[in-house]
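Report on the structure
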Amino acid sequence: MTTKRFTAGWVRKAPPGKHYDFGGFGLMLRVRPSGRARWAWRGTVRGKRVELGLGRRAFMSLRRARETAFEYARIAADGDDPRTQRSNAPTFRDATESVIRLQRRSWKAGAASRRQERQWRQTLTTYAFPVLGDVTVDQVTAADVLRILTPLWTTKPSAAKAVKQRIGIVMRWAIAQGFRQEDPMGAVGSVLPRQPNGRHHRFLSPKDVEAALEKIRNADCWLGTRLAIRFLALTATRTAEVRGATWAEIDTEVAVWTIPARRVKTKREQRIPLSSQALEVLAEARRLRGGRSSLVFPASRGNGPLGSGTMGKLLRELKIETSPHGVRASFRSWCADEGEDRALAEAALGHEVGSATERAYQRSDLFERRRGLMERWGDFIAGYAT
């Protein structure tokens, strides 16, 4: 923390930290380690210390920042609140529209994008707008958010979580735009009660997976469905990734399945090491539909993949107490029981581990180590493990 008389040249090169402008009527400059910086004003408003964001350094000159700080100090000295004088902050409703436009770029195209946008509007229109719709984003308080969430938190936990997450995104957008300095969501999260246990994907104890797969192997149904479930279990991948798998993605010579980024939830290409057991499944799958399909696990009729609910339906018919996605949980539980390295287990599931900084330096996908892990898992669920 430094206090000095700012100059335009010094402001451009200010080091990371919190800096006060000497004689600047409460003007501050906060500089992040990344070099990005924001102006802020700190003063006393009706006996309480208040800090207000003024905007990014890149978009506001020192002169303009000083003029704004002087105006805020004058308003506070007259006994008024400068927060009520600021007219450039949008309402929560308008800010939501800006956030939706921004989020739209990362949402999947087509019906999925329309569904996500509809869900955003529905939840916030129903629960948040009656309280926050016409409030400017700089005026939103933790108490406002609690008014919205408290009636829902234990009665409609799923809706409450979605509303909390989306309000939080709007608040962080407001901070990034310089309309406010503090995030009210931190205080909200610390006082909300524990929610009742939510529904999770059913999953089998790892020791029961072998018997379940044997039951599936002997089921009277389309071979493609049975093979797809076994392959999903052996690779610990997602249902959609298995359903959409093509022979072009699989190299049996080097025992690797490369899933393109467009088909991966994280939008990053993922390499899956294929165990000897997984290769056995693929050898059987080659004979499906006379070997003419480009899909590894085609539907029993037509040219498309297995239906999205086909694998789950078979599990229910066989009274196997898990879901296709739950098999991943069985794998993760086995990793924990066996003392496998956490980072290795998470990498096998295609999860991101650690902070953004850690991931920036750790570029390895641990492929060769994962190959050994998946072979051990394959041995375990095939009954070969010692």
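Just so it is clear, the structure is predicted and the values come from calculations on it, not from any experiment. (Residues numbered from 1 in each chain as written. Predicted model: local features only at pLDDT ≥ 70, side-chain atom pairs only at ≥ 80, totals over all residues. Heavy atoms only, no water.)

**Describing the pairing of strand β5 (residues 48-56)**
In the sheet, strand β4 (residues 37-45) pairs with β5 via 8 bridges, with the strands oriented antiparallel. Within the sheet, the bridge partner assigned to W39 lies in β5 and is G55. Count of turn residues in the β4/β5 antiparallel hairpin: 2 residues, of which R46 carries a positive phi of about 50°. (Pairing = 2+ DSSP bridges. Helix = DSSP H or I, 4+ residues; strand = E, 2+ residues; numbered from the N terminus.)

**Overview of helix α16 (residues 367-381)**
An ideal rise of 1.5 Å per residue puts 21 Å on 15 residues; α16 measures up with 21 Å between its terminal C-alpha atoms. Turning to α16, its buried residues number three or more, namely F367, R370, L373, M374, W377, G378 and I381. Along the axis of α16, the buried residues cluster in a sector spanning 140°; they form a single face. (Expected span 1.5 Å × (residues − 1). Buried < 20%, exposed > 50% of the residue type's maximum accessible area, 1.4 Å probe, protein only. Arc of directions from axis to C-beta.)

**Quick look at the sheet that holds strand β6 (residues 250-251)**
One open sheet accounts for 3 strands, arranged β6-β7-β8; its pairing is antiparallel. With partners counted over all chains shown, the strands left at the sheet margins are β6 and β8 (270-273), one partner each. Bridge count between strand β7 (residues 256-259) and β8: 4 bridges; the pairing is antiparallel. Following the sheet pairing, V256 is matched in β8 by P273.

**A word on the pattern of salt bridges**
For the coordinates displayed, the defined rule picks out 19 salt bridges. One salt bridge connects E249 with R263, and the closest N-O pair in it is separated by 2.8 Å. Highlighted residues: E249 in the loop between α10 (239-243) and β6 and R263 in the loop between β7 and β8, separated in sequence by 14 residues. Each of the two residues, E249 as well as R263, counts as buried. Salt bridges sharing partners connect three or more residues here, namely E97, R104, E117 and R121. (Salt bridge = Lys/Arg side-chain N within 4 Å of Asp/Glu carboxyl O.)

**Describing the sheet that holds β4**
Either a parallel or an antiparallel arrangement is found when strands of a sheet pair, and the pairing is made through backbone hydrogen bonds. With mixed pairing, 5 strands are arranged side by side in an open sheet as β1-β2-β3-β4-β5. Every other strand in the sheet has two partners, leaving β1 (2-4) and β5 as the edge strands with one partner each. Averaged over all pairs of adjacent strands, the angle between their axes in this sheet comes to 25°, without regard to strand direction. Where strand β3 (residues 27-31) and β4 come together, 5 bridges link them in antiparallel fashion. Residue pairing in the sheet places R30 in a bridge with R38 of β4. Along the sheet, helix α2 (residues 62-77) makes contact with β2 (17-21), β3, β4 and β5, crossing β4 at roughly 15°. (Axes fitted to C-alpha atoms, helices over the stretch in contact; angles between N-to-C directions. Contact = heavy atoms within 4.5 Å.)

**Some thoughts on the side chain of T237**
Here T237 lies in the loop between α9 (223-235) and α10. Classification of T237 by relative accessible area gives buried; the value is 1%. Within the structure, the side chain of T237 is placed 2.8 Å from the side chain of T235, a separation counted as a polar contact. Discounting residues that sit within four places of it in the chain, T237 has contacts with L232, V242, W257, I272 and R328. (Polar contact = N/O pair within 3.5 Å; in protein donor to acceptor, adjacent residues only side chain to side chain.)

**Here's the deal with empty space enclosed by the protein**
Tallying each qualifying case throughout the model produces 1 cavity of 30 Å³ or more. Here the largest cavity defines a volume of roughly 80 Å³. Lining the largest cavity, in full, are L204, V209, A212, L213, I216, I229, L315, I320, T322, V327 and S330. Counting only elements with at least two residues in the lining of the largest cavity, the list comes to α8 (206-217) and α13 (326-338). Among the elements that take part in the lining of the largest cavity, α8 stands out by supplying 4 residues, more than any other. (1 Å grid on protein atoms, 1.4 Å probe; cavity = no way out; pocket = protein on both sides within 12 Å on 5 of 7 lines; lining within 4 Å. Points joined across faces, edges and corners; volume = space filled by probe spheres on them.)

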